Amino acid sequence: MSEIRYQGSVGQVTFPELAQALGYLPGLRLMWVGNTISGPQDIQSVATGAIDIGGAFDGAIVKLVAAGSPIKAVVGYYGADEQSYIGYYVLDGSPIRSARDLVGKKVGMNTLGAHAEAVLDEYLARGGLSHDEIKQVIPTVVPPVNTEQALRAHQIDVAVLSGVIRDKAVAHGGLRRLTSDVDLLGPFTAGSLVLRKDFIARNPHTTAALVGGIARAVQWSQTQPRDVVVAKFEQIIRARGRAEDTSLVDLWKSSGVAGKGGLIADAEFATWIRWLKANGQLGKDVAPAEVYTNAYNPFAGKP
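> Explain the pattern of salt bridges here, please?
Proximity of charged atoms lets side chains of opposite charge pair with each other. A full pass over the atoms with the stated rule returns 15 salt bridges. In this structure, Glu17 engages Arg242 in a salt bridge whose closest nitrogen and oxygen atoms are separated by 3.3 Å. One end of the pair, Glu17, is in helix H1 (residues 15-21); the other, Arg242, is in the loop between helix H11 (226-240) and helix H12 (266-278), with 225 residues separating them in the sequence. Each member of the pair, Glu17 together with Arg242, is buried.

> Any chance you could explain the nonpolar core here in plain terms?
In summary, soluble globular proteins display a tendency toward joint burial of nonpolar side chains. Ile61, Tyr88, Leu102 and Leu124 are the most contacted members of the largest nonpolar core, which totals 66 residues. By size, the runner-up hydrophobic cluster in this structure holds 33 residues, among which are Val13, Phe15, Leu18 and Leu210.

> So what exactly am I meant to see when it comes to the environment of Phe269 here?
Counting through the fold element by element, Phe269 comes out in helix H12. A residue is classified by how much of its surface remains accessible, and Phe269, at 0% relative accessible area, is buried. Counting along the chain gives 18 residues from Phe269 to Leu251, while the straight-line C-alpha distance between them is 29 Å. Beyond its immediate stretch of four places on either side in the chain, Phe269 contacts Asp58, Ile61, Val62, Ala73, Ser192, Ile264, Pro288, Val291 and Tyr292.

> What am I meant to see in the sheet that holds strand E5 (residues 86-91) here?
Ordered by their spatial adjacency, five strands build an open sheet running E7-E6-E8-E5-E9, and the pairing between neighbours is mixed. Each edge of the open sheet carries a strand with a single partner, namely strand E7 (138-141) and strand E9 (175-180). The average undirected angle you get between the axes of adjacent strands in this sheet is 35°. As paired strands, strand E6 (residues 106-109) and strand E8 (residues 158-162) are joined by two bridges and run parallel to one another. What sits directly across from Gly108, in E8, is Ala159. Docked against the sheet, helix H4 (residues 115-126) engages E5, E6, E7, E8 and E9, running at close to 70° with respect to E5. Lying over the sheet, helix H7 (residues 163-171) contacts E5, E8 and E9, oriented at roughly 125° with respect to E8.

> Honestly, the sheet that holds strand E10 (residues 188-196) in this entry has me stumped. Any pointers?
Picture the strands of a sheet paired through backbone hydrogen bonds; they go either parallel or antiparallel. Overall, antiparallel pairing links the three strands, which are arranged E3-E10-E4 in an open sheet. Single-partner strands in this sheet number two, and they are strand E3 (54-57) and strand E4 (71-80). The sheet shows a mean angle of 35° between the axes of neighbouring strands, direction not considered. In the packing of helix H10 (residues 204-223) onto the sheet, contacts are made with E4 and E10, and the angle to E4 comes to roughly 10°.

> Sorry, what's going on with the packing of aromatic side chains here?
Across all of its chains, the model carries six aromatic pairs by this definition. Each ring, one from Phe233 and one from Trp252, has its centre 5.6 Å from the other, and the planes form 85°; the classification is edge-to-face. Note that Phe233 is positioned in helix H11 and Trp252 in the loop between H11 and H12, a separation of 19 residues in sequence. Pair check on accessibility: Phe233 and Trp252 agree, each one buried. Measuring from ring centre to ring centre gives 5.7 Å for Phe269 and Tyr292, while their planes differ by 10°; the resulting arrangement is stacked. Pair noted here: Phe269 is in helix H12 and Tyr292 is in the segment after helix H13 (288-291), with a separation of 23 residues, a long-range link. Neither residue differs from the other here; Phe269 and Tyr292 are each classed as buried. The positively charged end of Arg177 is found above the aromatic ring belonging to Tyr85, 4.6 Å away from the centroid. One residue, Arg242, lies across the ring of Trp32, its end atom 3.8 Å from the ring centre.

Definitions and cut-offs
- Residues numbered from 1 in each chain as written.
- Predicted model: local features only at pLDDT ≥ 70, side-chain atom pairs only at ≥ 80, totals over all residues.
- Heavy atoms only, no water.
- Salt bridge = Lys/Arg side-chain N within 4 Å of Asp/Glu carboxyl O.
- Helix = DSSP H or I, 4+ residues; strand = E, 2+ residues; numbered from the N terminus.
- Buried < 20%, exposed > 50% of the residue type's maximum accessible area, 1.4 Å probe, protein only.
- Core = buried A, V, L, I, M, F, W, Y, C linked by side-chain atoms within 4.5 Å.
- Contact = heavy atoms within 4.5 Å.
- Pairing = 2+ DSSP bridges.
- Axes fitted to C-alpha atoms, helices over the stretch in contact; angles between N-to-C directions.
- Phe/Tyr/Trp six-rings, centres within 6.5 Å; stacked < 30°, edge-to-face > 60°.
- Lys NZ or Arg CZ within 6 Å of the ring centre and 35° of its normal.

Don't take any of this as a statement about function, it's just geometry.
Below you can see the structure in the form of structure tokens.
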């Protein structure tokens, strides 16, 4: 049996965990080494060999690959659609109505240099702000569980909220959506799980089993009724015995993954390669094919 080290997320279920619970990882055993709230930290842990699989925003993956990190994206795990998206919220009474109103304002998000900041920059650029004006908007790191509170306490001017945390915040009332990633870009897969290239080279059969199982778990979540998925998530959380609250998964709607079984498309990396180049954050040119592969996804080449 091969052991796969990974990081989890408090009160939520990762696709490797779902794959294991569904019996899609025969011969493999997941080893939880702790939790993370940051995609860049998660994939950096893969790059250093601290864990075997981790996931992040596709733009963060591009940056790491461009810097010479030996990682490869193998399956999509989150994205944006009409049910699941990252929204940028202000208080109802806020004077902020447009991109230009954000100059000098604080935008609270879970981490810098990833999905939330990339979409913010896209919104600001489309709003006609110059590069110098965009630099005056202040992305501010706030833990996701504290972001709503920080906005209501006027510690930040805009809260970046997603998933069940967003839904709970909106349900509390008094918030207004300024924009979202799906408003700007339409439905798309936004983040991928990565493995080290040497892990893939040394363990081709394990890689195929791991990626194949995760892909089937993604496809299961894409095709099952919402209440079935939520019930399975709650069962997994209770069984792992980490004294967690299951209320977050009660609000789950979709993964937002666009490709069947997490298949990755060139455009999902090309979009962020262009953004990084335009912002001077890419040390060298990178092609999407250098960053990801669908070779181990069993849904590749299938309708």
